[in-house]
Amino acid sequence: MMLPTSSTYASNTAAVQNAASVYRLSRPGALSPEEQPRWDESMRRMSILGGTWQLLARNAIRSFFAREMADQIKAERPDLSVNPLLFYATQLSTLYHRPPRVTVSEDEGDLTAEEMSLLTPVELWAHLHQLNRDVVALNDGVLRLDYNRGRERVSYRQVSNHCICGAVPSEGDPMQPVRLKELYWRDDPDSPAGGWWTWETWDVTDPKNPIFKIEAVDQQGVKSDMTAKFMPDGFPAGGYPYLDKDGNGIMPYVFYHRRLQYGLWTPAPGLEVVEGTLTVAALRSFWAYSYRSASSPQNYGLNVEPLGASPTKDTGSQGGGRQMVGGPGSLALFRTTAQGGGFGQLAPALDPLTGIKALQQYQADLAVFMGLSPADVTTESVSSASGASLRVRKEGQRKEANAQQPSFRASDQLTLASSARLLNAFHPSRPNFPEDRDAYDIGYYEPDLSPDEVKARTERAKQMKELGVANRVDLLRVFHPEMSRAAAKQHIVMLATEEAEMDDEIAEAVGEEVTPDEDRADLEDRIEMAASDLEDAEDALQDLISALPENLRGRAERLLEALSDAADALTDDDGRDGPPDEGEE
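## Some details on helix H13 (residues 472-479)
Given 3.6 residues to a turn, an α-helix orients residues that are three or four positions apart in the same direction.
Alright, step 1. Every buried residue of H13 is accounted for by Val473, Asp474, Leu475, Leu476 and Val478.
Alright, step 2. Those residues of H13 that are buried are in contact with helix H12 (451-467) and helix H14 (485-510).
Alright, step 3. Between a side-chain oxygen at the N-terminus of H13 and the backbone nitrogen of Val473 the separation is 3.0 Å; the capping residue is Asn471.

Here it is as structure tokens:
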């Protein structure tokens, strides 16, 4: 019997480690052939957004150019310096550049600052800012909510679209799921590969009987139930992890969409920008090759041979030449090899500046496929470090943000309502956050105004005030449309309160005291002004009555009498304007 040697053990160990590595890298595909194209497109776009699209760019170069040209361009090192998909997705994801205003309906009462911090932590808006960018690029995105028992808070993570399968929309809200499976890697020291690819099943089709399951998939694709093994600590083994205080299952996934839609997925829109991004990489690579090889004049000699020249290194199938190294003090000697020998110069095959401007215009033209108009994009350089010198104008960003708001608001309201259900059920303080999504009002900040927009809104506010069609609440919302009327009114009251407090503090600081006589004098002046205004109104109305039709004069005369009575009420019996003397009733 031959005993195994140490090298045999080493070989077996290496084989096991290699198999484990292959298993981890070979993630399972979609569960159904129908969903695989959506997964493929999601992975492609996320690669471009994440900067790992070298292979995509190489393939684009090889499909765009002949093999010989692709080799000269050096397709193995594509130019990835310009990324239109990432550029437009970043420029058009402005909803969460500042945390939105979140208010609760008056019927639910106000939340304290501590409660609001628990319900809307800073990390929520950070995750949504990233998700906003990806949703602009992919049209859809997924946010996962979990209750963290260690921190006693709700935690969040973005789930890639190409990790979700079998999602079934809700009948009441087709943009949100009631059942889905998520592909997720779980570490496990007991596993030969160090972990398992698992499918999580979440199903709240029947909220009273929700279903949760974790199935591991081995190297052969065989599934095994590992729900008990991977159930989070503190949750019942074999049960549904997230039940609200009424015992109903909570779906911990919220789908986000760029626009309101009917259904869960819209993977196709924006395909033109994805293909255009790959085309830009191919053309930029060709531009770099041309800049290096064909942007300077080409000297040539016809029927002449340089004396003392040496062969160039790039001889072979691509052709070669001879070169001479010269300087200011050198003398180049040639001899003719046939009659009519001479020298010439060919113009550059590429004007670099013209080429790069053409590429910039091509990138700008892709804006229409992101829902922008040509006027929303400018190729004017705004700084020396502007790269491709492209930017989306503020007006374009604002239009896109306004178009995104209805869909994102609906998803944000569901996220807050689901967070509230988790906190009410699991937080030690057992808070009583509103669990109805409609209880939350969300106001998004617009992108900063350009100087021209500030001027236009100022003029609009002045006109509204002069026409008498707006109060201070309306005027404030001209500049801050994200404010609800209640929030704007509260802000105005706060400003007035602060002004009054500052006046009192200033008066106290300088030692001013208002004496009764000064108080009385001020009151007399105000009464005198009011009486004068009423008299002017009487005179104006008196002049108007004579020009009115007969059927309107009676009403005008009654109004005139009321004005006269009001003026009389502001004067005493002696015809003196002012407040009554001490002791007078």
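## A short note on helix H7 (residues 122-138)
Alright, step 1. Here H7 spans 25 Å end to end across 17 residues, near enough to the 24 Å set by a 1.5 Å rise per residue.
Alright, step 2. Along H7, the residues classified as buried are Leu124, Trp125, Leu128, Leu131, Asn132, Arg133, Asp134, Val135, Val136, Ala137 and Leu138.

## A few points about the pattern of salt bridges
Alright, step 1. Counted according to the given criterion, the structure contains 25 salt bridges.
Alright, step 2. Arg133 is the partner of Asp134 in a salt bridge, and the nearest nitrogen-oxygen pair spans 2.9 Å. Neither residue differs from the other here; Asp134 and Arg133 are each classed as buried.
Alright, step 3. For Lys399, the salt bridge is made with Asp376, and the minimal N-O distance between the two is 3.0 Å. Taken together, the positions of Lys399 in helix H11 (residues 394-426) and Asp376 in the loop between helix H10 (352-365) and strand S16 (377-378) put the pair 23 residues apart, joining distant regions of the chain.
Alright, step 4. On the accessibility criterion, Asp376 (5% relative accessible area) is buried.
Alright, step 5. Salt bridges sharing common partners tie together Arg144, Asp146, Arg157, Glu182, Arg186 and Glu200.

## Digging into a negative patch on the surface
Alright, step 1. Together, Glu498, Glu499, Glu501, Asp503, Asp504, Glu505 and Glu508 line one region of the surface with negative charge.
Alright, step 2. The topology assignment puts Asp503 in helix H14.
Alright, step 3. Overall, Asp503 belongs to the partly exposed group, its relative accessible area being 48%.

## Side note on the pairing of strand S1 (residues 101-104)
Alright, step 1. Going residue by residue along S1, you find Val102 and Val104 tucked away on one face and Arg101 and Thr103 left uncovered on the opposite face.
Alright, step 2. Pairing between S1 and strand S18 (residues 440-443): 4 bridges, direction antiparallel. When the bridges of S18 are listed, Val104 appears paired with Tyr440.

## Some thoughts on empty space enclosed by the protein
Alright, step 1. In total, this model carries 3 cavities of 30 Å³ or more according to the counting rule given.
Alright, step 2. Approximately 70 Å³ is the volume found for the largest cavity.
Alright, step 3. Every residue along the wall of the largest cavity is listed here: Arg38, Glu41, Ser42, Arg45, Leu138, Asp140, Asn161, Trp265, Thr266 and Pro267.
Alright, step 4. Broken down by element, the residue count for the lining of the largest cavity peaks at 4 residues, all from helix H2 (residues 36-50).
Alright, step 5. Taken together, the residues of the lining of the largest cavity break down into 3 nonpolar, 3 polar and 4 charged.
Alright, step 6. Roughly 50 Å³ of volume is contained in the second largest cavity.
Alright, step 7. Contributing to the lining of the second largest cavity are Ser42, Met46, Leu131, Asp134, Leu138, Asp140, Gly141, Gln158, Val159, Ser160 and Asn161.

## Describing the packing of aromatic side chains
Alright, step 1. Under the defined criterion, the tally for this structure stands at 17 aromatic pairs.
Alright, step 2. Each ring, one from Trp202 and one from Tyr240, has its centre 5.5 Å from the other, and the planes form 85 degrees; the classification is edge-to-face. Of the two residues, Trp202 sits in strand S6 (residues 195-203) while Tyr240 sits in the loop between helix H8 (227-230) and strand S9 (253-257), which places them 38 residues apart along the sequence. By the burial criterion, Trp202 is buried, and Tyr240 matches it.
Alright, step 3. In this structure, Arg98 packs its charged tip against the face of Tyr445, placed 4.0 Å from the ring centre.
Alright, step 4. The lysine or arginine in question, Lys229, covers the ring of Phe230, its NZ or CZ lying 5.9 Å from the ring centre.

## Some points on the sheet that holds strand S3 (residues 153-159)
Alright, step 1. Taken in spatial order, the 3 strands make up an open sheet running S3-S2-S9, and their pairing is antiparallel. The two strands at the open ends of the sheet, each matched to only one other strand, are S3 and S9. Across the sheet, the mean angle separating the axes of adjacent strands is 30 degrees when strand polarity is ignored.
Alright, step 2. Here 7 bridges tie strand S2 (residues 140-148) to S3, and the two strands are oriented antiparallel to one another. By the bridge assignment, Asp146 is partnered in S3 with Ser155.

## Some words on the packing of H2 against helix H9 (residues 271-293)
Alright, step 1. The N-to-C vectors of H2 and H9 enclose an angle of 50 degrees; their axes lie 11 Å apart at closest approach. When the axes of H2 and H9 are compared, the pair comes out oblique. Where H2 crosses over H9, the two elements pack in a sense that is left-handed. Seen from H2, the contacting residues are Glu41, Arg44, Arg45 and Ile48; seen from H9, they are Leu271, Val274, Glu275, Thr277 and Leu278.
Alright, step 2. Taken together, the residues of the contact of H2 with H9 break down into 4 nonpolar, 1 polar and 4 charged.

Calculation criteria
- Residues numbered from 1 in each chain as written.
- Predicted model: local features only at pLDDT ≥ 70, side-chain atom pairs only at ≥ 80, totals over all residues.
- Heavy atoms only, no water.
- Buried < 20%, exposed > 50% of the residue type's maximum accessible area, 1.4 Å probe, protein only.
- Helix = DSSP H or I, 4+ residues; strand = E, 2+ residues; numbered from the N terminus.
- Contact = heavy atoms within 4.5 Å.
- Polar contact = N/O pair within 3.5 Å; in protein donor to acceptor, adjacent residues only side chain to side chain.
- Expected span 1.5 Å × (residues − 1).
- Salt bridge = Lys/Arg side-chain N within 4 Å of Asp/Glu carboxyl O.
- Patch = residues over 30% accessible without salt bridge, like charges linked within 9 Å, V, L, I, M, F, W, Y side chains within 5 Å.
- Areas by Shrake-Rupley, 256 points an atom, 1.4 Å probe, with all protein chains shown as cover.
- Lys, Arg positive; Asp, Glu negative; His and termini not counted.
- Charge placed at Lys NZ, Arg CZ, Asp CG, Glu CD.
- Pairing = 2+ DSSP bridges.
- 1 Å grid on protein atoms, 1.4 Å probe; cavity = no way out; pocket = protein on both sides within 12 Å on 5 of 7 lines; lining within 4 Å.
- Points joined across faces, edges and corners; volume = space filled by probe spheres on them.
- Nonpolar A, V, L, I, M, F, W, Y, C, P; charged D, E, K, R; others polar.
- Phe/Tyr/Trp six-rings, centres within 6.5 Å; stacked < 30°, edge-to-face > 60°.
- Lys NZ or Arg CZ within 6 Å of the ring centre and 35° of its normal.
- Axes fitted to C-alpha atoms, helices over the stretch in contact; angles between N-to-C directions.
- Parallel < 35°, antiparallel > 145°, perpendicular 65-115°, else oblique.
- Left-handed = near helix turned anticlockwise from the far one by under 90°.

Interpretation in functional terms is not warranted from these geometric data alone.
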